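Secondary and tertiary structure notes
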Amino acid sequence: MNAPTTRRLTVAQALVEFLAHQYTERDGRRHRLITACWGIFGHGNVAGLGQALLESGAASHQGATPGPPVLPYLQGRNEQAMVHAAVGYARQCDRLSAQAVTTSIGPGATNLVTGAALATVNRLPVLLLPGDVFATRPADPVLQQLEVPFAGDISVNDALRPVSRYFDRVTRPEALIPAALQAMRVLADPVDTGAVTLALPQDVQAEAYDWPAEFFADRVWRVPRPAPDPDALADAVRALRGARRPLVVAGGGVHHSEAEDALCAFADATGIPVASTQAGKGSLRHDHPADVGGIGHTGTATADALAREADLVIGVGTRYTDFTTASSTLFAGPGVRFVNLNIASFDAHKLGAASLVADARAGLEALTKELSGHRVDAEYESAYRAAKAGWERRVDAAYAAEDPSVRPSQTQVLGALDAVVDDTDVIINAAGSLPGDLHKLWRARSRRQYHLEYGYSCMGYEIPAAIGVRLAAPDRPVWALVGDGTYLMNPTEIVTAVQEGINITLVLIQNHGYASIGGLSQATGGERFGTDYRFRAEDGTYTGAPLPVDLAANAASLGMQVLRAATVGELRAALAEARGANRPTCVYVETETADTVPGAPEAQAWWDVPVAETATRPAAVAAREVYDRHTAGRRRHL
């Protein structure tokens, strides 16, 4: 008997079934591409995707024993947070697996925009499935519909277009087939990946269609490792052999390509030092002789000094953001040139570089082979290793806390955490003053231990991302490091962690305001205006007493086990207890606000934040003078 050539399903049911048969494959290893769907239901998706997800967990015919769901469902509390969780998951999976997010129309859909921007900026895959208004328009407008007088085909979902790598609105059932295939292509493409949006009108979701059976066949999207062009490789090798003070800048592409071992072999063979961006930190272990730490505005003194004197910079999988380049002031050598190894041509050509368009692992392996026998001068190698040792002493000083009875500084919090983790732990952060301290100080022990979202630096990322990471790596301890400002932005997914028994640990640091932006405000003449969480004083500024807000009690009210630590000694004990806990746990600590890395300025390199050109307040006038001095050192690398 011939197998049926079609299956009659709703659009939503067909999409769920289709997603269950999509795979990526790299290096001969196959991965499910879309492993779960986050969702908050409303009138725009409850009877479409909601019903389809429910049905996917039932037996295919009456009377059979229900099996595992075709597409597992995860219940979220905030649409933006669901995207963050999916992004954390995708990053931990090296972009080979991803998750979907479904919302209703209206606020649910627009709440996706920030998360979508974060995913696309960081080149991380997430599939967004927002409900949309009626395609057939039997009632117009419907609840939550945005009416645009000059265009009848626009909805709030169009706000997702500029932050999506692919966008389509499925207005007919048969249109799902090309739209879904294009969506998978982009999600699996290491060059084009990011947020992918399929807007789904609520009436179309529920409409039935006779789908060709082959639409539901297993489909494998191979993730290639393109090798560098031979001529471009030869140019890069000549540049490297002619360089006296080369420096590697390792970006997030090293991790996405699983190229850490190839980078280690390259550094071992050539002796070239390796600095890392926020996304690339951990590309080498912290104790590798060639690892000189973070680079740029939040970098180490060692890495930034090497960058200023480098005659050749080898960028591997980096986008060269302004934090990395110190707003185009860091790479100051008079004849400095660039060689960029990147899978994306767009990034490989930045800074007037000789571009090596290739997979990071394949490119590093090719460079190492062609550079056989070449090594940097022994004096250069000895000098940067000595500087690295000097910086490590500064880290020791920042972490040290001689008196366990005192309130810890923020860097001492990191020191206490450093003492309890091992290679398996994952540290997650995204915004505030912590990224700078972590980039300078954290001793990354393994390839995916350091998880900093700094492409979009989005407050509220950490807690949901920790859930996503833990789902991807259930055997690894996962820490979300969160300041009070970030916590107040988005604590709701604590409820999800508690509900699902997802064992994450939250380190909640209370410093009564925006420490990072407060420092930036002071440096740019803003006098910390509006950056402290305090009562309003008589002069109208927020400089009164700290607010009587108990964030620890809030975390406990959402279901977390909470451990309060008032001193360094209590903090050490709480962190050790939290690491061994079998339920979601929060360590709450109030820190001293004055906190800098001993023996080093707050920033080793400049960051361009424009200062008022005219002002009457002395702080702004002085800040503008400093700003003008820095801008004089800015240059274009052509």
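Since this is a predicted model, take the numbers as computed values, not measurements.

Conventions used here
- One numbering rule holds for all chains: residues counted from 1, following each sequence as written.
- The predicted nature of this model means local features are confined to residues of pLDDT at least 70 and side-chain atom pairs, given and counted, to a pLDDT of 80 or more, with totals for whole chains, interfaces and linings taken over all residues.
- For the side-chain quantities, the full set of heavy atoms in the structure was used; hydrogens and water were omitted.
- By definition, any uninterrupted DSSP run of H or I lasting at least four residues is a helix, any uninterrupted run of E lasting at least two residues is a strand, and each is numbered from the N terminus.
- Radius of gyration here uses only the C-alpha atoms, and the compact-globule reference equals 2.2 Å multiplied by the residue count raised to the power 0.38.
- The rule is simple: take the accessible area with a 1.4 Å probe, protein chains only, and divide by the maximum for that residue type; under 20% is buried, over 50% is exposed, in between is partly exposed.
- The criterion used for residue contact is that any of the two residues' heavy atoms lie within 4.5 Å.
- Per-residue and other accessible areas follow the Shrake-Rupley method at a 1.4 Å probe size, with only the shown protein chains counted as cover for residues.
- Neither His nor the chain termini are counted; the positive set is Lys and Arg, and the negative set is Asp and Glu.
- For charged residues, the charge sits on one atom: NZ in Lys, CZ in Arg, CG in Asp, CD in Glu.
- Only strands that DSSP links by at least two bridges are regarded as paired with each other.
- All axes here are fitted lines through C-alpha atoms, helices being fitted over the stretch that makes contact, and every angle between N-to-C directions spans 0 to 180 degrees.
- Should a side-chain nitrogen of Lys or Arg be within 4 Å of a carboxyl oxygen of Asp or Glu, the pair is scored as a salt bridge.
- Pairing of aromatic side chains here covers Phe, Tyr and the six-membered ring of Trp, requires ring centres within 6.5 Å, and sorts the geometry by plane angle: under 30 degrees stacked, over 60 edge-to-face, intermediate tilted.
- Placement of a charge over a ring requires the Lys NZ or Arg CZ to be within 6 Å of the ring centre, with the centre-to-atom vector within 35 degrees of the ring normal.
- Patches in this entry comprise residues that are over 30% relatively accessible and not in a salt bridge; like charges within 9 Å are linked, as are nonpolar side chains (Val, Leu, Ile, Met, Phe, Trp, Tyr) within 5 Å.
- Polar contacts here mean pairs of N or O atoms no more than 3.5 Å apart (in protein, one a potential hydrogen donor and the other a potential acceptor; neighbouring residues in sequence count only if both atoms are side-chain atoms).
- The cut-offs work like this: below 35 degrees is roughly parallel, past 145 is roughly antiparallel, 65 to 115 is roughly perpendicular, and the gaps in between are oblique.
- Working rule for handedness: look at the near helix, and if it is turned counterclockwise from the far one by less than a right angle, call the crossing left-handed; if clockwise, right-handed.
- All amino acids are sorted into three groups, where Ala, Val, Leu, Ile, Met, Phe, Trp, Tyr, Cys and Pro are nonpolar, Asp, Glu, Lys and Arg are charged, and the leftover types, Gly among them, are polar.
- In predicted models, pLDDT denotes the confidence assigned by the predictor to each residue on a 0 to 100 scale.

1. Focus on the overall build of the chain
Scanning the chain for helices and strands turns up 24 helices and 23 strands. Taking 26 Å as the expected radius of gyration for a compact globule of 638 residues, we find that the chain reaches 26 Å, a close match to that expectation. Each principal axis of the C-alpha distribution contributes one length, and for the chain these read about 75 × 70 × 55 Å. Expressed as a percentage of its 638 residues, the buried residues of the chain come to 56%. Of the contacts made within the chain by residues no fewer than 6 positions apart, 75% connect residues no fewer than 24 positions apart. Of the roughly 25600 Å² of accessible surface on the chain, a fraction of 52% belongs to carbon and sulfur atoms. Charged side chains in the chain number 57 positive and 70 negative. The centres of these two groups are separated by 4 Å.

2. Concerning the sheet that holds strand β5 (residues 73-75)
Strand order in the open sheet made by the six strands is β5-β4-β6-β7-β9-β8, with parallel pairing throughout. Bordering the open sheet on either side are β5 and β8 (166-169), each of which pairs with just one other strand. The mean angle between the axes of side-by-side strands here comes to 20 degrees, regardless of whether they run parallel or antiparallel. Looking at chain direction, strand β4 (residues 34-39) and β5 are connected through three bridges and run parallel. Bridge pairing in β5 links tryptophan 38 to leucine 74.

3. Regarding the sheet that holds strand β2 (residues 22-26)
With mixed pairing, three strands are arranged side by side in an open sheet as β3-β2-β11. Every other strand in the sheet has two partners, leaving β3 (29-32) and β11 (219-222) as the edge strands with one partner each. For this sheet, the mean inter-axis angle between neighbouring strands, taken without regard to orientation, is 35 degrees. Pairing between β2 and β3: four bridges, direction antiparallel.

4. A word on the pattern of salt bridges
Once their charged atoms are close, side chains differing in charge can pair, the charge on each being opposite to the other. For the structure shown, the criterion picks out 38 salt bridges. The salt bridge involving arginine 169 is made with aspartate 158; its shortest N-O contact spans 2.8 Å. Taken together, the residues span a long stretch of sequence, with arginine 169 in strand β8 and aspartate 158 in the loop between β7 (126-132) and β8 at a distance of eleven residues. By the burial criterion, arginine 169 is buried, and aspartate 158 matches it.

5. Points about the packing of aromatic side chains
For the structure shown, the criterion picks out twelve aromatic pairs. Through pairs of rings, three or more aromatic residues link up here, namely Phe18, Tyr209, Trp211, Phe215 and Phe216. The residue whose ring lies beneath arginine 7 is phenylalanine 216, and the NZ or CZ to ring-centre distance is 5.1 Å. Above the plane of the ring of tyrosine 588 lies arginine 564, whose end atom (NZ or CZ) is 5.7 Å from the centre.

6. What to know about a nonpolar patch on the surface
Taken together, Leu488, Phe535, Leu547 and Val549 make up a surface patch of nonpolar side chains, about 330 Å² in accessible area. In this structure, leucine 488 sits in helix α19 (residues 484-489). The class for leucine 488 is partly exposed, based on a relative accessible area of 48%.

7. As for the side chain of aspartate 608
As for its placement among the helices and strands, aspartate 608 is situated in the loop between β23 (585-590) and α24 (618-631). A polar contact of 2.3 Å, which involves the side chain of aspartate 608, links it to the side chain of arginine 634. Sequence-distant contacts of aspartate 608, defined by excluding residues within four places in its chain, comprise Ser327, Tyr627 and Arg634.

8. Quick notes on unusual backbone geometry
Negative phi characterises most residues that are not glycine, and trans characterises most peptide bonds. With omega at 10 degrees, the peptide bond leading from aspartate 140 into proline 141 counts as cis. Its location among the elements puts proline 141 in the loop between β7 and β8. The phi angle at serine 327 is positive, at roughly 50 degrees, despite the residue not being glycine. Looking at the secondary structure, you find serine 327 in the loop between α12 (322-325) and β16 (337-342). Residue classification places serine 327 among the buried positions, given a relative accessible area of 8%.

9. Remarks on the environment of arginine 564
Counting through the fold element by element, arginine 564 comes out in strand β22 (residues 561-565). Along the backbone, arginine 564 and leucine 19 are 545 residues apart, and their C-alpha atoms lie at a distance of 44 Å. Arginine 564 has contacts with Asp550, Ala552, Ala553, Glu570 and Tyr588, leaving out every residue within four places of it along the chain. There is a polar contact of 2.9 Å between the side chain of arginine 564 and the side chain of aspartate 550.

10. A closer look at the packing of helix α16 (residues 410-418) against helix α17 (residues 434-441)
Following both chains from N to C, one finds α16 and α17 inclined at 50 degrees, their axes separated by 10 Å at the closest point. The orientation of α16 with respect to α17, classified from their angle, is oblique. α17 is crossed by α16, and the crossing has right-handed handedness. Residues Gln410, Thr411 and Leu414 of α16 form the contact with α17, whose own contacting residues are Leu434, Asp437, Leu438 and Leu441. For the contact of α16 with α17, the per-class residue count stands at four nonpolar, two polar and one charged.

11. Observations regarding helix α1 (residues 11-19)
Most of α1 is tucked away, with nine of its nine residues classed as buried. Among all positions in α1, only Val11, Ala12, Gln13, Ala14, Leu15, Val16, Glu17, Phe18 and Leu19 are buried.

12. Things to note about the packing of helix α11 (residues 301-309) against helix α15 (residues 378-399)
The contact between α11 and α15 brings their axes to 8 Å, and the two run at 150 degrees. Counted together, Ala301, Thr302 and Leu306 of α11 and Tyr380, Tyr384, Ala387, Lys388, Trp391 and Arg394 of α15 form the full contact between these two elements. Broken down by class, the residue content of the contact of α11 with α15 amounts to six nonpolar, one polar and two charged.

13. Digging into the confidence of the model for the chain
When pLDDT is averaged along the chain, the result is 94, and 97% of the positions lie at 70 or above. Contacts of residues 58-64 to residues separated by more than four positions or lying in other chains number three contacts, the stretch itself having pLDDT below 50.

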